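Single-letter residue listing:
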Amino acid sequence: MLRLSLYTGDKLLQDIAHNAVIGRYSSYPGYYYKGFAVSQLEPDFPLEGPSGATSIYYHHIPGQLGQTMDYLISEQSLKSNGSITFPSVFETNFLWFKYHLYGNKPGQFYGNSDVWLWMPKGIIKTNHPQLNWITGESGDKFYIGLSNASSEEVQTPIELNEHIIGFNPAQDYTVTIIRDNGTPEQTVMSGGIIQATVSGKGITAIIVEGLDIDVPLHQVRTADTSDASYFFDTHSPIDAVKGMLIVKPDETVYDAYVQAKTTKPATIHYSLDGGATYTTIPDTIYPMEWSIRVNDLSQTFTYYLESEGKQTRKRTLYLPDQVTETPVQPDGQESSSIIVDNTEAETEGVWIRDTTANDYYYDNYVYAKSTAGTATSKMRWRPDLPESVTYSVYYKIPQITATSENWATNASFTVYYSGGSETVTVDETMANGTWVHLGDYPFAAGDSGYVELTNKANKSRVVADAIMWVDPNRVPQLESAVILSDRSEIQMTQNAQLSVIGYLDNGLVGDLTQADVQYFVDRTDLAEVNSSGLLTLLNLDGDTDHIEVWATVTIDGVTLTTAPLNITIRDLTVIVDSTDTTGLYTTEGSWSQSNLAGYKIGVKSRYSTVQGSSATWKGQFPEGKYTVSIYKLVHTTGNDNNVKVEVKHKTGTEITYLDATVGSSGWVNLGTYDFTGNGSEYVRLTRITPTTVDPPTLPADMIYTRVDAVMFERHSDDSELLANEVQGEPALSE
């Protein structure tokens, strides 16, 4: 709005921008403003709430600071009528913050060029809170822009920090002062202090001369900027891998920064002696990235990454102006396939970059807006094929995560091969991020063949990602194997089915029907796994909350070991709720569905107003000792204060009464009992309160008996039993 005010002369926009920035620092509300309230006007709103309406979002700090810097610098440009300007780049929608970023290039300050913004903490001091300021330097000069937010004139000393700026406080320095874009005036700085006057809502510019400021970050490196010092591996087997050498501004050392897009644990192997020896650094916490300090600019940096058995090709990065001899790149393994990503494809029209979907190739995918008429956007994946043979062609489309994006169900992929073409219609909404076979086609060596996709389709978007050509004469190698489980958690008496998927070096799924697959578990005292991958939890020790499983795959004399998979283990928990239709939940009398949610969102509870109505929950589980809990529902009005609950177990029936007029909704512990598990045992809730019917009962006098769910928690290890499991008064679980 400040920039609009500069362009339009509308001061109302200036006032709105000022109030918005001040308001953010007075009380920043976060995301969630729901309904009409005045609590957000309180200074402690981010801390005190109300709960659910706000909280402090620590990852918003960079966005907030970015907007503040944008305001300060834009305000200087506005009040100086453009005499103070700095180049910027636009931050696109980080957490819905939109602002300009400054500092990457020098700007202008009242006719002085090559002025770098320079605002380290404590560089100057003012004694007036209504003064906004920015500072900069150009080597021999120091610049201060003072903007007065008040309507009153401000007179204040400006104290410069001699330790940061590097001047002699015993020396006087020539100073130029420009007030409200008027005629420059000369004065001096004595003892590091400048007397300044800033008119109401005005601006005062100060230029201190005769300095010798050295800020290494403001040195522009003029060395070779070729791709020798960076490598973006478009065809890495573990998603996008990017490496680059970042030279320290004083050019004494560099940092080798490497990043892998994968969310899986990864390991970097790097060498500073041309690959003779390697240092290994694992990373298990996302994001997978490494920053390695190298103290000699002439040293090369060779590296490769590993993750889940997959390995990237080796690459050597170097600074061309520092090495005495250009290094030879390590030999790469010849691939059985050729992949062309959307970033390498030929395009016509408008294609929009996106990363919303899952499992896209490399760094992103793109989409074009669909049209029913003549195509206005085209993408051509054109490979450079080594020989004239019949290739298997595959496409890759990511897995859609938002159905509202409305992807095309009739996208047309046309394959132009040697001697003809064929169009294949693809339903992009069915894609799951894997390679899908388009067909087998003869291609001539070179780049005459290609695959084309246009935006002529239904729905609203046509999505494009990557195309792969597989040479049948080059046998792909099994590169890695991954172990999977149909359960991320297993409970006592349950099983999990393990399986293994093998991946070829071209990313396709390998055939493991002839492979020898062996399954393993780390805690054989707690679980066992058979040769078919059936994992059974046998015991619990009261301490261990997970086990690790892995597998080996042997085929054609090569053995691969999967990365271990963690599976949570715990005792059996069975919950039967009022939506069960298998016969485990039954009712007698009159029950109706309520609009009140039960123990979990999406499960509606039920209620009765008729005396004698009952609800029964049966547990279908093995014999053993179980803690039984019932979910009590407490509403604002109409609660039943005398609800009969029976627990029939192995040795008898326990009866207790619940009061739903006190406390809050939650699980109520009914006790711990032995159950035979033969299907005859149950929990039964009965309304004994007299019937209330509207009319004649007034709405305020209606009593509702509410039911939802019962939980049975097994105790395979008696040491887990808690003191409150002794039969007695029911207790609400926290």
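Residues numbered from 1 in each chain as written. Predicted model: local features only at pLDDT ≥ 70, side-chain atom pairs only at ≥ 80, totals over all residues. Heavy atoms only, no water.

Engineer: Summarise the overall build of the chain; cite the residues concerned and give the values.
Structural biologist: Counting its regular elements, the chain contains five helices and 56 strands. Taken over the C-alpha trace, the chain has a radius of gyration of 35 Å; the compact-globule value for 734 residues is 27 Å, which it surpasses by more than 25%. Each principal axis of the C-alpha atoms in the chain carries an extent, and together these give about 100 × 75 × 60 Å. Each of the 734 residues in the chain was classed as buried or not, and the buried ones make up 44%. Sequence separation of at least 24 residues holds for 68% of the intrachain contacts in the chain that already meet a minimum separation of 6. Working note: accessible area of the chain is about 37100 Å², and carbon and sulfur atoms make up 49% of it. Charge centroids of the chain, computed over 48 positive and 91 negative side chains, lie 7 Å from each other. (Helix = DSSP H or I, 4+ residues; strand = E, 2+ residues; numbered from the N terminus. Rg over C-alpha atoms; globule rule 2.2 N^0.38 Å. Buried < 20%, exposed > 50% of the residue type's maximum accessible area, 1.4 Å probe, protein only. Contact = heavy atoms within 4.5 Å. Areas by Shrake-Rupley, 256 points an atom, 1.4 Å probe, with all protein chains shown as cover. Lys, Arg positive; Asp, Glu negative; His and termini not counted. Charge placed at Lys NZ, Arg CZ, Asp CG, Glu CD.)

Engineer: I'd like a description of the nonpolar core, backed by residues and values.
Structural biologist: Trp381, Phe413 and Trp469 are the most contacted members of the largest nonpolar core, which has 36 residues in total. Of all the secondary structure elements, the ones that give two or more residues to this core are strand S26 (365-369), strand S27 (378-381), strand S28 (389-396), strand S29 (411-417), strand S31 (435-443), strand S32 (450-454), strand S33 (461-464) and strand S34 (466-470). (Core = buried A, V, L, I, M, F, W, Y, C linked by side-chain atoms within 4.5 Å.)

Engineer: Let's hear about the sheet that holds strand S9 (residues 154-160): which residues, and what values?
Structural biologist: With antiparallel pairing, three strands are arranged side by side in an open sheet as S6-S9-S12. Looking at which strands have only one partner, the edges of the open sheet turn out to be strand S6 (124-125) and strand S12 (193-198). Relative to S9, S6 runs antiparallel, the two sharing two bridges. By the bridge assignment for S9, Lys125 is matched with Glu159. (Pairing = 2+ DSSP bridges.)

Engineer: Explain the sheet that holds strand S23 (residues 337-341) to me, using residue names and the numbers behind them.
Structural biologist: Pairing is antiparallel in the open sheet, where four strands are placed in the order S23-S34-S28-S31. Every interior strand has two partners, whereas the edge strands, S23 and S31, have only one. Sheet twist, expressed as the mean angle between neighbouring strand axes with direction ignored, is 20 degrees. (Axes fitted to C-alpha atoms, helices over the stretch in contact; angles between N-to-C directions.)

Engineer: Give me the lowdown on the pairing of strand S48 (residues 614-618), citing residues and values where you can.
Structural biologist: Of all five residues making up S48, four are buried, and the element is well covered by its neighbours. Pairing of strand S45 (residues 585-588) with S48 involves four bridges; the strand directions are antiparallel. Following the sheet pairing, Thr587 is matched in S48 by Ala615. The sheet contact formed by S48 and strand S53 (residues 682-687) spans five bridges and is antiparallel. Bridge pairing in S53 places Ser614 opposite Thr686.

Engineer: Outline the environment of Pro184, supporting the account with residue identities and numerical values.
Structural biologist: Looking at where Pro184 falls in the secondary structure, it is placed in the loop between strand S10 (173-179) and strand S11 (185-189). Relative accessible area serves as the criterion here: at 47%, Pro184 is assigned to the partly exposed category. On a C-alpha basis, the gap between Pro184 and Leu453 in space is 63 Å, while along the polypeptide they are 269 residues apart. In contact with Pro184, not counting residues within four places along its chain, are Thr176, Ile177 and Ile178.

Engineer: Tell me what's going on with empty space enclosed by the protein, and back it up with residues and numbers.
Structural biologist: If you walk through the whole model with that rule in mind, you get four cavities of 30 Å³ or more. Estimates place the volume of the largest cavity at around 110 Å³. Together, 13 residues line the largest cavity, and Lys632, Leu633, Val643, Ala660 and Arg706 are the ones closest to its centre. Listed by contribution, the elements that provide at least two residues to the lining of the largest cavity are strand S49 (624-632) and strand S54 (705-707). For the lining of the largest cavity, the class distribution of residues is eight nonpolar, two polar and three charged. (1 Å grid on protein atoms, 1.4 Å probe; cavity = no way out; pocket = protein on both sides within 12 Å on 5 of 7 lines; lining within 4 Å. Points joined across faces, edges and corners; volume = space filled by probe spheres on them. Nonpolar A, V, L, I, M, F, W, Y, C, P; charged D, E, K, R; others polar.)

Engineer: How would you summarise the packing of aromatic side chains if you had to cite specific residues and measurements?
Structural biologist: Summed over all chains, the structure comprises 27 aromatic pairs. Ring geometry for Phe621 and Phe712: centres 5.0 Å apart, planes at 50 degrees, overall tilted. Of this pair, Phe621 sits in the loop between S48 and S49 while Phe712 sits in strand S55 (residues 709-714), placing them 91 residues apart in sequence. Grouping residues by exposure puts Phe621 and Phe712 together as buried. In textbook terms, an aromatic cluster arises when at least three aromatic residues are bridged by ring pairs, as seen for Phe621, Tyr626, Phe675 and Phe712. Over the aromatic face of Tyr503 sits the side chain of Lys310, whose NZ or CZ is 4.7 Å from the ring centroid. Its guanidinium or amino end placed over the ring of Trp435, Lys396 lies 5.7 Å from that ring's centre, counting from NZ or CZ. (Phe/Tyr/Trp six-rings, centres within 6.5 Å; stacked < 30°, edge-to-face > 60°. Lys NZ or Arg CZ within 6 Å of the ring centre and 35° of its normal.)

Engineer: Residues and numbers for the pattern of salt bridges, please.
Structural biologist: Tallying each qualifying case throughout the model produces 19 salt bridges. A salt bridge links Asp70 to Arg3; the shortest N-O distance between them is 2.8 Å. In this pair, Asp70 sits in helix H4 (residues 61-79) while Arg3 sits in helix H1 (residues 2-8), placing the two residues 67 residues apart along the sequence. A relative accessible area of 29% places Arg3 in the partly exposed class. Its salt-bridge partner being Asp541, residue Arg523 comes within 3.2 Å of it at the nearest N-O pair. A residue pair is termed long-range when its members are at least 10 positions apart, and Arg523 in the loop between strand S38 (516-521) and strand S39 (527-529) and Asp541 in the loop between strand S40 (534-537) and strand S41 (546-555) qualify at 18 residues. When its relative accessible area of 30% is taken as the criterion, Asp541 is described as partly exposed. Here the residues in one salt-bridge network are Glu348, Arg380 and Glu452, joined through shared partners. (Salt bridge = Lys/Arg side-chain N within 4 Å of Asp/Glu carboxyl O.)

Engineer: Tell me about a nonpolar patch on the surface, and name the residues and values.
Structural biologist: On the surface, Met1, Leu12 and Ile16 cluster together into a nonpolar patch covering about 290 Å² of accessible area. Tracing the backbone through its elements, the reader meets Leu12 in helix H2 (residues 11-26). Judged by relative accessible area, which is 54%, Leu12 ranks as exposed. (Patch = residues over 30% accessible without salt bridge, like charges linked within 9 Å, V, L, I, M, F, W, Y side chains within 5 Å.)

Engineer: Which residues make up the side chain of Ser5, and what values go with them?
Structural biologist: By the element assignment, Ser5 lies in helix H1. In terms of polar contacts, Ser5 uses its side chain to reach the backbone carbonyl oxygen of Asp10, at 2.9 Å. The contact partners of Ser5, leaving out residues within four places of it in the chain, are Asp10, Lys11, Leu13, Gln14 and Leu78. (Polar contact = N/O pair within 3.5 Å; in protein donor to acceptor, adjacent residues only side chain to side chain.)

Engineer: Could you give me a rundown of unusual backbone geometry, with the residues and numbers involved?
Structural biologist: Leaving glycine aside, a negative phi is the common case for residues, and trans is the common case for peptide bonds. In this model, Tyr286 is joined to Pro287 through a cis peptide bond whose omega is 0 degrees. Within the chain, Glu251 stands out as a residue other than glycine whose phi angle is a positive 55 degrees. Assignment of secondary structure puts Glu251 in the loop between strand S15 (241-247) and strand S16 (254-260). With a phi angle near 60 degrees, Asp359 is a residue other than glycine that sits in the positive phi range. As for its position among the elements, Asp359 is in the loop between strand S25 (352-354) and S26.

Engineer: Explain the environment of Phe443 to me, and be specific about the residues and the numbers.
Structural biologist: Tracing the backbone shows Phe443 in strand S31. Phe443 gets classed as buried once you look at its relative accessible area, which sits at 3%. Spatially, the C-alpha atom of Phe443 lies 59 Å from that of Thr573, the residues being 130 residues apart in sequence.

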